[in-house]
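Coordinate inspection notes
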Amino acid sequence: EPEVTQTPSHQVTQMGQEVILRCVPISNHLYFYWYRQILGQKVEFLVSFYNNEISEKSEIFDDQFSVERPDGSNFTLKIRSTKLEDSAMYFCASSPVYEQYFGPGTRLTVT
Amino acid sequence: DQQVKQNSPSLSVQEGRISILNCDYTNSMFDYFLWYKKYPAEGPTFLISISSIKDKNEDGRFTVFLNKSAKHLSLHIVPSQPGDSAVYFCAAIDTGAGSYQLTFGKGTKLSVIP
C-alpha cells in the first residue's frame, strides 16, 4: 500500500540555522500539505500546495518558511532561520481530494 | 478560537464494549469531517470520513454519525479492541474554501482495557 514518507525522522539544529524537511507524497495525489504539532498541542495547518503553487497558508507560515516541489516526487519545507519555538513534529500529508494521508513526521528540535 | 472541539481528553473502555468519541464544531462552513487515529511517534492515520449530506457512514467496526443541526459528530467503535488504544482526532474541512486544509480538534486518548 502506498504511503507518505518523510526524512529525516529527527533533526536537531541550532537556533538561526536553516533546515529542510523532506517528504515523498503518494504518487497519484494532487494536493500536498504541511502540518505541525507542538508537544502537547493540537495538529496545526501550515500550508497547502496544489498545481505547483501554494493554495493557502496559515498565519504560522511566515517569511521564514517556504515550500517546494523540486521534481515529480519530493515536497520540501524549508525554515530559513530556526527559532526555539519552531521545535515541533512536522507532518507532511497528501490527498487525492479530501482524505489526507500523513507521513510519520519529522521531529525538529531547535537548541 | 477552537473551531473543532473534543471536550474529553481521555476515555477508558473495556475490551469488547462500545467506544464513543465525540466532537463539536462551531464553523458552519465545515461540510466534510474526518476521524484520524494517532499512535505515539507516528503520523495521524485516516480512519473514516463523512460528508455533510449524510448523517451516518460505516466502515467495519467504525461508524461516524453527524448531527448538523447540533454541529456534533461522533465516532463509534464496536467492539473495542486493545489495539484501538490511541489518540483520536476529529478534523473538518470547508470544501468551498479553495484549500482542503484540515482543522483538528485537540484529540481524545482512548484506552481499551483487556
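What comes next concerns the included structure. (Residues numbered from 1 in each chain as written. Chains lettered and ligands numbered in written order. Predicted model: local features only at pLDDT ≥ 70, side-chain atom pairs only at ≥ 80, totals over all residues. Heavy atoms only, no water.)

Brief notes about the packing of aromatic side chains
In plain terms, the rule: Aromatic contacts are taken between Phe, Tyr and Trp rings whose centres are within 6.5 Å, Trp giving its six-membered ring; a plane angle under 30 degrees counts as stacked, one over 60 as edge-to-face, and the others as tilted. Put simply, DSSP H or I for four residues or longer makes a helix, DSSP E for two residues or longer makes a strand, and each gets a number counted from the N terminus. For every residue, the accessible area obtained with a 1.4 Å probe (protein chains only) is divided by the maximum for its type, and the residue is called buried under 20%, exposed over 50%, and partly exposed between those limits.
Evaluated as defined, the whole model comprises 21 aromatic pairs over all chains. Judged by centre distance (5.9 Å) and plane angle (65 degrees), the rings of Tyr101 of chain A and Phe46 of chain B are edge-to-face. Remark: Phe46 of chain B occurs in strand β5 (residues 45-51) and Tyr101 of chain A occurs in strand β10 (residues 101-102); the pair is interchain, linking two chains. Both rings, one in Phe102 of chain A and one in Tyr36 of chain B, keep their centres 5.4 Å apart while their planes meet at 85 degrees; by these two values the pair is edge-to-face. Pair noted here: Phe102 of chain A is in strand β10 and Tyr36 of chain B is in strand β4 (residues 32-38), and the two residues belong to different chains. Taking relative accessible area as the criterion, Phe102 of chain A reaches 10% and is therefore assigned buried. Among the aromatic residues, those joined into a cluster by ring pairs are Tyr33, Tyr35, Phe45, Phe91, Tyr101 and Phe102 of chain A together with Tyr36, Phe46, Phe89 and Phe104 of chain B.

Side note on the state of the cysteines
Simply put, the disulfide is a covalent bond whose two ends are the sulfur atoms of two cysteines. We apply this condition: In plain terms, two cysteine sulfur atoms within 2.5 Å form what is called a disulfide here.
Scanning the model with the defined rule gives two disulfides over all chains in all. In this model, Cys23 of chain A is linked to Cys92 of chain A through a disulfide, with the two sulfur atoms separated by 1.9 Å. With the S-S dihedral at roughly -65 degrees, the linkage between Cys23 of chain A and Cys92 of chain A falls on the left-handed side. Within this pair, whereas Cys23 of chain A is found in strand β3 (residues 19-24), its partner Cys92 of chain A is found in strand β9 (residues 88-95), the two being separated by 69 residues in sequence. Per residue, the accessibility class of Cys23 of chain A equals that of Cys92 of chain A, and both read buried. Two residues share a disulfide in this structure: Cys23 of chain B and Cys90 of chain B, whose sulfurs sit 2.0 Å from each other. Taking the torsion about the S-S bond as the criterion, the Cys23 of chain B to Cys90 of chain B disulfide, at about -70 degrees, is left-handed. Taken together, the positions of Cys23 of chain B in strand β3 (residues 19-25) and Cys90 of chain B in strand β9 (residues 86-93) put the pair 67 residues apart, joining distant regions of the chain. Taking the relative accessible area as the measure of exposure, Cys23 of chain B reaches 0% and is therefore buried. By relative accessible area, which is 1% here, Cys90 of chain B ends up buried.

Some details on the sheet that holds strand β8 (residues 75-79) of chain A
All names here are of chain A. Heads up, the rule is: Strands were regarded as paired on the criterion that DSSP finds at least two bridges between them. Orientation is described by lines fitted to C-alpha atoms, with helices fitted over the stretch in contact, and by angles between N-to-C directions that extend from 0 to 180 degrees.
With antiparallel pairing, the four strands of this open sheet are ordered in space as β1-β3-β8-β7. If you trace the sheet from one side to the other, it starts and ends with β1 (5-7) and β7 (65-68), each paired once. The sheet shows a mean angle of 20 degrees between the axes of neighbouring strands, direction not considered. Inspection of the sheet shows β3 paired to β8 by five bridges, in the antiparallel sense. Counterpart to Leu21 in the pairing with β8 is Leu77.

Worth remembering: the numbers are spatial, not functional.
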